[in-house]
Structures are given as C-alpha cells and as structure tokens.
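Report on the structure
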Amino acid sequence: MCGIVGYTGFQEAYSVVVNGLKRLEYRGYDSAGVVLEVPESGFYIAKTKGKVADLVSISQSFEGKARIGMGHTRWATHGVPSDKNAHPHLSNNGKISIVHNGIIENYDTIKKILTDKGYTFGSETDTEVLVNFIQYFMDTDPALDFSEAVRYALNEVYGAYAIAVMHRDFHGELVVARLGSPLAIGLGEKEYFIASDASPFVEFTKEAIYLEEGHMATISLDKGVDIRTIKGNERITPAIQELKLSLEEIEKGGYEHFMLKEIFEQPKSIHDTLRGRVLVDEGIIKMAGIWDHLERFSKADRIIIIACGTSWHAGLTGEYLIEEYARIPVEVEYASEFRYRNPIITERDVVIAISQSGETADTMAAIKLAKEKGAFIYGICNVVDSSIARISDAGSYTHAGPEIGVASTKAFTAQLTILSLIALKLGKHNGNLGNAEFMKLISELETLPKKIEEVLETTHGSIKEMSKNFLEVSNFLYLGRGYNFPTALEGALKLKEISYIHAEGYPAAEMKHGPIALIDENMPIVIIAPQKGHYDKIVSNVQEIKARKGKVISVVNYADSRVSKMSDYTIEIPDSSECFSPILASVPLQLMAYYIAVYRGANVDQPRNLAKSVTVE
Ligand code: F6R
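So, a few notes on the structure that sits alongside this text. Predicted model only: the values in this text are computed from it and were never measured.

Ordered in space as S5-S6-S7-S8-S12-S13-S14, the seven strands form an open sheet in which the pairing is antiparallel. Of all the strands in the sheet, just strand S5 (89–90) and strand S14 (235–236) have a single pairing partner and so form its edges. Across the sheet, helix H5 (residues 146–154) touches strand S6 (96–104), strand S7 (159–167), strand S8 (174–179), strand S12 (215–220) and strand S13 (224–229), and the angle it forms with S7 is around 160°.

Below you can see the structure in the form of structure tokens.
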C-alpha cells in the first residue's frame, strides 16, 4: 500500500524518482507526487490524483539540476484520492517534506494539539499531521537536529509506517524510518536510493540494506547511512545484502500485462518452488524449514493456517492436503478475524501463515498474537526477507519470483506446491503415508511444470476466444468439490477483482441450498470437475444446472465424457492425482479472468481500489 522512492546522488533525481515510482505503482495508484530540492529555489513539489503517467504530464525535471528528491504513489487511507491529499506533504513553514506509507492511528489527537497551537492543515491526511509534528519539535527547540526531531515525533505516534523526510535547511539529507511497512536502501557509488522494495534501483546497484522494524536512517552523500533505533537512539551496524533481483524479472518482457506474463511463468515458478526440495532418486522431500522442525509439527495438536485473500484460498487447499496425508487436524482462519476474536491458541499449536508479500498487516498481527500464546509459527512467503518471513520461527519461501500484477497468480500455485510438500513430508514422517504412495506423489509433483506448460499451450487460444462471450454478463458462479472447492473460490476472486463482474465460489453441493435460485439462461457457471474425487456427484450437479438452463463452462480432464457433453464450453486439463488438480485447474481460470477483464477494458494489472501489498488493516 503506497510506494515510496527517494534518491540522493549525481543523477537527475527526477528521472530516478519517477521511473522508480512506475515500478512501485503496483503498491497503490490513486495519486502520485514528487518533491525535488532545486538549488537556490528550495522545494519543487508536483502531485496529482491519478497515475504516475499523470504526474509526468504535470511535472518538470529541472534538467539535471536537482540531485535529491522523493516520490510517492498512493493507495488512499485517510482522505479520498485527490490532488490535495496526494503526497508529498509539506510542513506549515514549508521546510519539511514527507512521503508516507501506512497509517498514523493517533493522528487526530496530535492534530488537535497542533491545531490548538496554531498549525493549519490543507489535507485530510494523517501524513500532513506527522510532518507538522516534526516541525513542532523543531519549533520548540530550534537547536534540535532534523533527524532527532523526526525521531521525537515517531516516538509519540502509534500505527504502521514507512516514511521518508527531507528538510530544506539540511541539504542533501534523507531521513527514513520503518515500523510495519518495508523500506530498502540501495547503496550505489556516490549515490543512495530508498524505496519500498528494491525494484526502483536494481539497475543501479546490487547492494541494499533492508531497514529493520523500529529503525530509522539518516542518509547523505557526506555521512553515508547512519542507522539508529527509533526508541533508544542506539546506533546499528547494518547488514548489507546482495540483491538477487534481476531487471528482467520486474519488466513485462513482451507481454501486454504483468498478469499475463506471470500466468505464463508458472511452469518455471513451480519448477523453482520444487527445485532442490524433491529428490525423487533419494525418495525424500528436503525442505530445511520442515526438516528441522518435524517433531514440532508431528506433536502438534492441530495446525492453524492464517492468511488473507488468495493466500487464504491456498490455505483451504492446504487443509485438504494436510488432513488427507498427514492426518493432523487443520483449521483455516482469515487473519483479520482470528486476530480479533480471542482465539484459543496453545503452545502445542503450529500456525502456518501464508502471504505472498510477507507484509499483510492482518496476517502480521495474527502471527504476533499466536506467538505471544506460544504457538510455533511457520511462514510461507514469496518475498524474501519480508516482515512475515522474519517474524516466523521457521518457514519456506515459495520462490515464485516477483509478482507485480495485483491479482495473484503464480504466487498462488507456488503456495499450493509448498503446501503439497509440507503435507507429503509430514505424512511420510508420521507414517500415515506409505512409501509407495509417497514416491508416486513426489514423482508426480515433478511433472507439474510440464503439465502446466501443456495447459497454457492447449487452452490459451480457446479461452481467449471463449471469453468474448461473457463481456456483458453481470454474475458468475464457480463450483467445485473437495480439493477444488477452494479452486472455485479463487477462480471467482480472480474474475471479480480484475473484471468487476460479480462472481461467487461455492462447494458444488451447496448450490441447492441457495445459489440455485440465481440460475437461468443468463448465468454462466464454471464447474471444476476433474475425474478424480467426487466426479459422479459433480455430474449430478451439472444436470441440475442444465435443467435450469444455466450456461456451463467446465474444467475437465482429457478423458472426460460426461460433464463435457453437458457443457456449453469445455476446458481440458491433463489428468493428475486429485490433490494436485487445483494447481492445474487454476491456470485456465486465471486466463479466463484475464481475458474477460481485458476485453471489458479494465486495467488488469492495477484493478480499481486494490493494491498489491495490504500493509494497513
Ligand atoms: C488477490 C490477492 C489478494 C492477496 C491478499 C493477501 O489476487 O492478491 O487477495 O492474496 O491481499 O496478500 P498476501 O498474500 O501478500 O498476504
């Protein structure tokens, strides 16, 4: 939520900042702004409601004169998207400028104090309150150093934030801080970068410091990077990391959208998720996170999976997998509900937290709660070194590579792959899964990248064509049973979030208990019906739909004869064990959502009101 970028060095700051904002636009895109320190004339600020492209059209670069600057792309929390609420914000004396990602929860109390002292506010944001609060400390003690004033202010605020601040009288200095939202510092040759993730500076440097929770840094060309704790002002020696990210990974590479690129990357991403973990010749699954904690898992009374959105859907599939193969009871919880409902958690519980971004505020809070009660936390994250990865006791990275399209695709199938590995590993370890079955399943896991490639090759053209038939539709139903009930939920979420068509996922048998009332000749119903599992039951469900003239789009195996005969449209996927069918069935549903959204003229990579990394609750 919100992207922050900043630069100090020898390049034209405007270009570095604006190009960086384009890379961070996935984090929020309802308004954008830039501030530059222009020699002899002070701050230049341009900001606007809209996208970075709109900012470019109203702003200027000062042709290389400005060497330090910051930018922001916003996902509105306090105050509607508007020019005046866009960041950067300025303090009343015009000397301090700030960009902010997150929420200052006690901003109204501080605003009241400042208003009583004569400070005024031109926006509805919490951010403008914070920048004036910093000014207040400097007004109160004119000898106070700028970074100390920032620290004083931060010690009084509650909430979650990453901020970057500049002061006109402290030339060439950027002050940054983080609590709950990520912030990376890129270390170049005579230049420094700051950003919400490393993508804005990956072409300039391979060295970065990821600011830790509760730390702040003063960055200048003269003094370098000085990191301190916000609370105690203790100096910290930072760990410098080598960036593994490549430019290729964060560019569209010839695809029209990141989402399409990421859908097509799935053979590779699943291969990367499995790499080094499935050793068929040795007959083992080797995953450091699980390997070192097998006993903790085996002794668990139950496993609680916490996540949000698409990751929660992966968690539901995880429940089927772990209960079937490891026979350990599993509960799957929305992190946002779990954190507030005083759940019963004991030291014998294992909590699996799933998050692509590793930053989701609700999932973080749920983890903290479970940790306090003594549960063991196993994180499944895609973003390396993210907050959830760090706070977990152990875990596995999905290694799907950067996911930039706001709608999650390759991260989801990678999460399913990791959960399959966990279930099979635990099942083998605790003796619930015999060796022959284990060997069969791990060998099959290795074939999944090839099968996904086949799905993409054989279904892409027909799904593209078929999607044109659903542009005027207002509602969709997605139905599946067993392992493919969560696939139905995920298929519906994908469609609604990018095409804005209302879609609901249901267990197919639940249809009779309500949703069947919606079915008529205008209602498309997506049925996920691979031949394993509850195929016969699904056949009956399709008959019930056809009796009410619903339009059936079925996802079936090649050998299917019954469901496909009753379907208006058929999408064929290769045969697999039932437990892996969600991975294969999800791919055509992603393609279908993508094409329907594209034909309806929606911005699939940046759907309205959404943002990739939900760092506020
Ligand atoms: C949907 C989507 C969201 C996320 C959710 C959790 O396509 O991407 O529903 O899955 O916001 O995000 P993470 O996985 O980053 O915790």
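Now that the structure is up, let's keep going.
Moving on to the packing of aromatic side chains. What the rule picks out here adds up to 20 aromatic pairs. Measuring from centroid to centroid gives 5.3 Å for Phe 297 and Tyr 378, while their planes differ by 80°, and the two rings are edge-to-face. Residue Phe 297 is located in helix H9 (residues 294–298), and its partner Tyr 378 is located in strand S21 (residues 376–381); the two are separated by 81 residues in the primary sequence. Residue classification places Tyr 378 among the buried residues on the basis of a relative accessible area of 0%. Aromatic pair Phe 470 and Tyr 569: ring centres 5.4 Å apart, planes at 70°, arrangement edge-to-face. Pair noted here: Phe 470 is in the loop between helix H15 (435–467) and strand S23 (475–480) and Tyr 569 is in strand S27 (residues 569–573), with a separation of 99 residues, a long-range link. The partly exposed category is assigned to Tyr 569, whose relative accessible area is 23%. Among the aromatic residues, those joined into a cluster by ring pairs are Tyr 119, Phe 133, Tyr 136, Phe 137 and Tyr 152. The ring centre of Phe 438 lies 4.7 Å from the NZ or CZ of Lys 428, which sits over that ring. The ring of Tyr 500 carries the charged tip of Arg 608 above its face, separated from the ring centre by 3.8 Å.

This part is about the pairing of strand S4 (residues 68–74). Most of S4 sits inside the fold, with seven of its seven residues counted as buried. The two faces of S4 match: Ile 68, Met 70, His 72 and Arg 74 on one face and Gly 69, Gly 71 and Thr 73 on the other face are all buried. Note that strand S2 (residues 31–38) and S4 share six bridges and pair antiparallel. Bridged to Val 35 within S4 is Met 70.

A separate point is the pattern of salt bridges. Here the structure, examined in full by the defined rule, presents 31 salt bridges. The partner of Arg 235 in a salt bridge is Asp 226, and the shortest N-O contact between them spans 3.0 Å.

This brings us to the environment of Leu 471. Note on placement: Leu 471 falls in the loop between H15 and S23. Counting along the chain gives 386 residues from Leu 471 to Asn 85, while the straight-line C-alpha distance between them is 35 Å. Setting aside chain neighbours within four positions, we find Leu 471 in contact with Ile 596, Tyr 599 and Arg 600.

Mapped onto the secondary structure, Arg 74 falls in strand S4. A residue is classified by how much of its surface remains accessible, and Arg 74, at 3% relative accessible area, is buried.

Okay, the sheet that holds S23 next. Reading across the sheet, the five strands line up as S24-S23-S25-S26-S27 and stay open at both edges, with parallel pairing between neighbours. The outermost strands of the open sheet, each flanked by one partner alone, are strand S24 (502–507) and S27. Averaged over all pairs of adjacent strands, the angle between their axes in this sheet comes to 15°, without regard to strand direction. Of the strand pairs in this sheet, strand S25 (residues 524–529) and strand S26 (residues 551–557) are connected by six bridges, and their pairing is parallel. Each bridged residue has a counterpart across the sheet, and for Ala 529 the counterpart in S26 is Val 556. Along the sheet face, H15 touches S26 and S27 and points at about 165° away from the line of S27.

Surveying the vicinity of the ligand reveals 15 residues, the closest of which are Ser 311, Ser 355, Ser 357, Thr 360 and Glu 497. Thr 360 has a polar side-chain atom sitting 2.4 Å from an oxygen atom of the ligand. Between an oxygen atom of the ligand and a main-chain N or O atom of Ser 408, the distance comes to 2.9 Å. Relative to its unbound accessible area of 410 Å², the ligand is 89% covered by the protein chains. Looking at the shell around the ligand, the elements that each hand over two or more residues are helix H10 (309–325) and helix H16 (484–499). Its residues assigned to classes, the shell around the ligand shows five nonpolar, eight polar and two charged.

Let us now look at the nonpolar core. One finds Ile 303, Ile 322, Tyr 378, Leu 424, Phe 476 and Tyr 478 to be the most contacted residues of the largest nonpolar core, which totals 88 residues. Here this core takes twelve residues from helix H19 (residues 581–599), the largest share from any one element. When sequence neighbours within four positions are dropped, the list of residues in contact with Phe 476 reads Phe 470, Leu 495, Ile 501, His 502, Ala 503, Glu 504, Met 523, Pro 524, Val 526, Ile 553, Met 592 and Ile 596. Formed by 32 residues, the second largest nonpolar core is a distinct cluster that contains Tyr 7, Val 34, Ala 208 and Leu 243.

This part takes up the packing of helix H4 (residues 126–140) against H5. Two elements in contact, H4 and H5, have axes separated by 8 Å at closest approach and are oriented at 120°. For the element pair H4 / H5, the angle class is oblique. Relative to H5, H4 is oriented so that their crossing is right-handed. Here Leu 130, Phe 133, Ile 134, Phe 137 and Met 138 of H4 come into contact with H5, specifically with Phe 146, Ala 149, Val 150, Tyr 152, Ala 153 and Leu 154.

Glancing now at the pairing of strand S9 (residues 184–187). Of the two faces of S9, both are covered, the one formed by Ala 184 and Gly 186 as well as the one formed by Ile 185 and Leu 187. Of the strand pairs in this sheet, S9 and strand S10 (residues 192–195) are connected by four bridges, and their pairing is antiparallel. Counted as the bridge partner of Gly 186 is Phe 193 from S10. Once S9 ends, the chain turns through four residues before running back antiparallel as S10, passing Lys 190 with a positive phi of about 55°.

Since the α-helix advances by 3.6 residues per turn, residues separated by three or four positions end up pointing in the same direction. With 19 residues, H19 extends 28 Å between its outermost C-alpha atoms, agreeing within 8% with the 27 Å of an ideal straight helix rising 1.5 Å per residue. Burial runs high along H19: 17 of the 19 residues are buried. In the stretch just after H19, Gly 601 is the one whose phi turns positive, near 80°.

Examined against the element boundaries, Gln 266 turns out to sit in helix H7 (residues 266–274). Residues contacting Gln 266, with those up to four places away along its chain left out, are Thr 409, Lys 410, Thr 413, Ile 452, Val 587 and Gln 590.

What follows covers unusual backbone geometry. Omega for the bond connecting His 87 with Pro 88 falls within 30 degrees of zero, at 5°, which places this linkage in the cis form. When you line up the elements, Pro 88 lands in the loop between S4 and S5. At Asn 342, a position not held by glycine, the phi torsion is positive, near 50°. Relative to the helices and strands, Asn 342 resides in the loop between helix H11 (335–338) and strand S20 (349–355). Residues other than glycine seldom take positive phi values, yet His 399 does so here, at roughly 55°. Inspection of the secondary structure puts His 399 in the loop between strand S22 (394–397) and helix H14 (410–429).

About the thresholds
- Residues numbered from 1 in each chain as written.
- Predicted model: local features only at pLDDT ≥ 70, side-chain atom pairs only at ≥ 80, totals over all residues.
- Heavy atoms only, no water.
- Pairing = 2+ DSSP bridges.
- Helix = DSSP H or I, 4+ residues; strand = E, 2+ residues; numbered from the N terminus.
- Contact = heavy atoms within 4.5 Å.
- Axes fitted to C-alpha atoms, helices over the stretch in contact; angles between N-to-C directions.
- Phe/Tyr/Trp six-rings, centres within 6.5 Å; stacked < 30°, edge-to-face > 60°.
- Buried < 20%, exposed > 50% of the residue type's maximum accessible area, 1.4 Å probe, protein only.
- Lys NZ or Arg CZ within 6 Å of the ring centre and 35° of its normal.
- Salt bridge = Lys/Arg side-chain N within 4 Å of Asp/Glu carboxyl O.
- Near = heavy atom within 4 Å.
- Polar contact = N/O pair within 3.5 Å; in protein donor to acceptor, adjacent residues only side chain to side chain.
- Areas by Shrake-Rupley, 256 points an atom, 1.4 Å probe, with all protein chains shown as cover.
- Nonpolar A, V, L, I, M, F, W, Y, C, P; charged D, E, K, R; others polar.
- Core = buried A, V, L, I, M, F, W, Y, C linked by side-chain atoms within 4.5 Å.
- Parallel < 35°, antiparallel > 145°, perpendicular 65-115°, else oblique.
- Left-handed = near helix turned anticlockwise from the far one by under 90°.
- Expected span 1.5 Å × (residues − 1).

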